[in-house]
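Commentary on secondary and tertiary structure
Residue strings, one per chain:
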Amino acid sequence: MTMDLFDGLGGTGPREESLGAGARVLRGFALTQDAELLSAVHDVSLASPFRHMETPGGFRMSVAMTNCGAWGWVTDRTGYRYADVDPVQGRPWPEMPAVFLRLARMAAAKAGFDGFTPDACLVNRYEPGAKMSLHQDKDERDFTAPIVSVSLGLPAVFLFGGAERADSSARVRLSHGDVVVWGGPARLRYHGVMPLKPGHHPRVGGHRINLTFRKAQ
Ligand code: MD6
Ligand code: FE
């Protein structure tokens, strides 16, 4: 028999939820390391500050972003791509903190994706009102590796769609410490984030941080 350590503690519901084949929410998976993760986010943002990037269509993204690891996801008027140099700082992105790498590997393995070695971590910061429109993550070189997504701070409503933009989306509330892993048959599903509601999180304050780990190259 397997025992979930958290079953029955505070009626928080199941600790793992399937979002269909290849996609899982690991509730609270990052909780025990939240302080280290947040301190590492701060360090990353000192080396490569959060910035609002521009879409190819000329819109300023409401989510502020930075990156760490060998490759960083960027967008500007010329398109979306992975870059090995921070275009604002003119030097490589900060190294991926060990605590990030460890967490991403453990979460992937827990969801059935052994051997995940991310070379890119996009750090998203949502202020109230910030949102992410429905999109696919398809700028990576191969889609065999999963994506690991960590939520910290204010809760958000995550939209999980299907293979086509017009498919209906499930709404999933992601709270501080929740981790979503998705790959295999789910790798190219559409997804997005509803506008963030204002609030205060005791450890993070008035915003939400999302770490998205990927194998870009
Ligand atoms: C966010 N996440 O949660 C944005 N993409 O702030 C993503 O765009 C995302 O969470 C691919 C897989 C998981 C994700
Ligand atoms: Fe995404």
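Structural data are supplied above this passage.
Residues numbered from 1 in each chain as written. Chains lettered and ligands numbered in written order. Predicted model: local features only at pLDDT ≥ 70, side-chain atom pairs only at ≥ 80, totals over all residues. Heavy atoms only, no water.

1. Thoughts on the coordination of the iron ion (ligand 2)
The protein atoms donating to the iron ion (ligand 2) are H135 (NE2), D137 (OD) and H191 (NE2), with metal-donor distances spanning 2.1 to 2.2 Å. Read N to C, the donor residues that coordinate the iron ion (ligand 2) are spaced as H-x1-D-x53-H. In this pair, H135 sits in strand β7 (residues 132–135) while H191 sits in strand β12 (residues 191–193), placing the two residues 56 residues apart along the sequence. Look at H191 and you get buried, because its relative accessible area is 5%. (Donors = N, O, S within 2.8 Å, 3.2 Å for Na, K, Ca; no water. Helix = DSSP H or I, 4+ residues; strand = E, 2+ residues; numbered from the N terminus. Buried < 20%, exposed > 50% of the residue type's maximum accessible area, 1.4 Å probe, protein only.)

2. Here we look at the packing of aromatic side chains
Counted according to the given criterion, the structure contains five aromatic pairs. Aromatic side chains F100 and F213 sit 5.8 Å apart centroid to centroid with 90° between the ring planes, which places their arrangement in the edge-to-face category. Here F213 lies in strand β13 (residues 208–214) and F100 lies in helix α2 (residues 98–110), a separation of 113 residues in the sequence. Taking the relative accessible area as the measure of exposure, F213 reaches 0% and is therefore buried. Members of the aromatic cluster, connected to one another through ring pairs, are F158, F160 and W182. Across from the ring centre of F50, 4.7 Å away, lies the NZ or CZ of R125, which sits over that ring. Lying across the ring of Y126, R208 places its NZ or CZ 5.0 Å from the centre. (Phe/Tyr/Trp six-rings, centres within 6.5 Å; stacked < 30°, edge-to-face > 60°. Lys NZ or Arg CZ within 6 Å of the ring centre and 35° of its normal.)

3. Remarks on the sheet that holds β7
Read from one edge to the other, the open sheet built from four strands follows the order β7-β12-β9-β10, with strand pairing classed as antiparallel. The sheet is open, and its two edges are formed by β7 and β10 (170–174), each paired on a single side. On average, each strand axis in the sheet is inclined to that of its neighbour by 20°, with strand direction left out of account. Taken together, the two bridges between β7 and β12 define a ladder with antiparallel strand orientation. Opposite H135, over in β12, you have H191 as the bridge partner. (Pairing = 2+ DSSP bridges. Axes fitted to C-alpha atoms, helices over the stretch in contact; angles between N-to-C directions.)

4. Some points on the environment of A104
Here A104 shows up in helix α2. Classification of A104 as buried rests on a relative accessible area of 0%. Taking the C-alpha atoms as reference points, A104 and A145, separated by 41 residues in sequence, lie 12 Å from one another. Ignoring any residue separated from it by four or fewer positions in sequence, one finds A104 in contact with F116, P118, V148 and F213. (Contact = heavy atoms within 4.5 Å.)

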